[in-house]
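A closer look at the structure
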Amino acid sequence: MKRLQALYQRHHDVLFYLFWGVAATVVNLVTFYLLTQYTSLNYVINYSVAWVITVLFAFYTNKYFVFHNHHDSTREFWYQLVTFFAGRLLTYLIGAGLLVLGVSVLKFDSNLGKNLVNVFQNVVVIILNYFWAIWVSFRQKS
């Protein structure tokens, strides 16, 4: 039991990050679904709105529940918010690039191939987002 507690203590940030990441995914899927069902907006607009809502949700959950980070000024809050969005936009582009590489260039273009590439790019993006949050958006003050 003590080993489990020690393991939890060592990795609780990662576990919370994964929990809130799943919650953010649910927010994204539900938001996109509702927008496509109840609006006549283009799917790209729906995707963009869902992405913004999801990143805002992820920002607040990461800031307060995962990294327990607080800000000392309005300027620091805006720095965290802008860098968080910038990091998510950057990893979005990396993920899209990996999808294009895997599907169009490497020809993993079957349904199974596309889904495997998507799983791979999601793992890469999740890892990059975690380290971006630690090293840039919510880095500890020295």
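Residues numbered from 1 in each chain as written. Predicted model: local features only at pLDDT ≥ 70, side-chain atom pairs only at ≥ 80, totals over all residues. Heavy atoms only, no water.

1. Some points on the environment of Tyr8
For clarity, the cut-off: By the criteria applied, helices consist of DSSP H or I runs no shorter than four residues and strands consist of E runs no shorter than two, each listed in order from the N terminus. Contacts were defined at the residue level, with two residues in contact if any of their heavy atoms lie within 4.5 Å.
Structurally, the position occupied by Tyr8 is in helix α1 (residues 2-38). In this structure the C-alpha to C-alpha distance between Tyr8 and Gln140, which are 132 residues apart in sequence, comes to 21 Å. If near-sequence neighbours (up to four positions away) are discounted, Tyr8 is found in contact with Leu15 and Phe16.

2. What about the UniProt feature "transmembrane region" (unreviewed entry) in the chain?
Our working rule: UniProt positions are given in the numbering used here, feature names are shortened, and annotations may be inferred rather than shown by experiment.
Here the UniProt-annotated "transmembrane region" (unreviewed entry) positions come out as residues 14-35, 41-60, 81-106 and 118-138. This span, residues 81-106, is 96% helix and 0% strand, and a straight line between its end C-alpha atoms measures 36 Å. Spanning residues 118-138, this segment combines 95% helix with 0% strand, and its end C-alpha atoms are found 27 Å apart.

3. Structural notes on the side chain of Asn62
Selection criterion: Two N or O atoms count as a polar contact when they lie within 3.5 Å, although within protein this holds only if one can serve as hydrogen donor and the other as acceptor, and sequence-adjacent residues are included solely when both atoms are side-chain atoms.
Tracing the sequence through the fold places Asn62 in helix α2 (residues 43-66). There is a polar contact of 2.7 Å between the side chain of Asn62 and the backbone oxygen of Ala58. Aside from chain neighbours lying at most four places away, what touches Asn62 is Tyr17, Phe67, His68, Phe84, Arg88 and Phe138.

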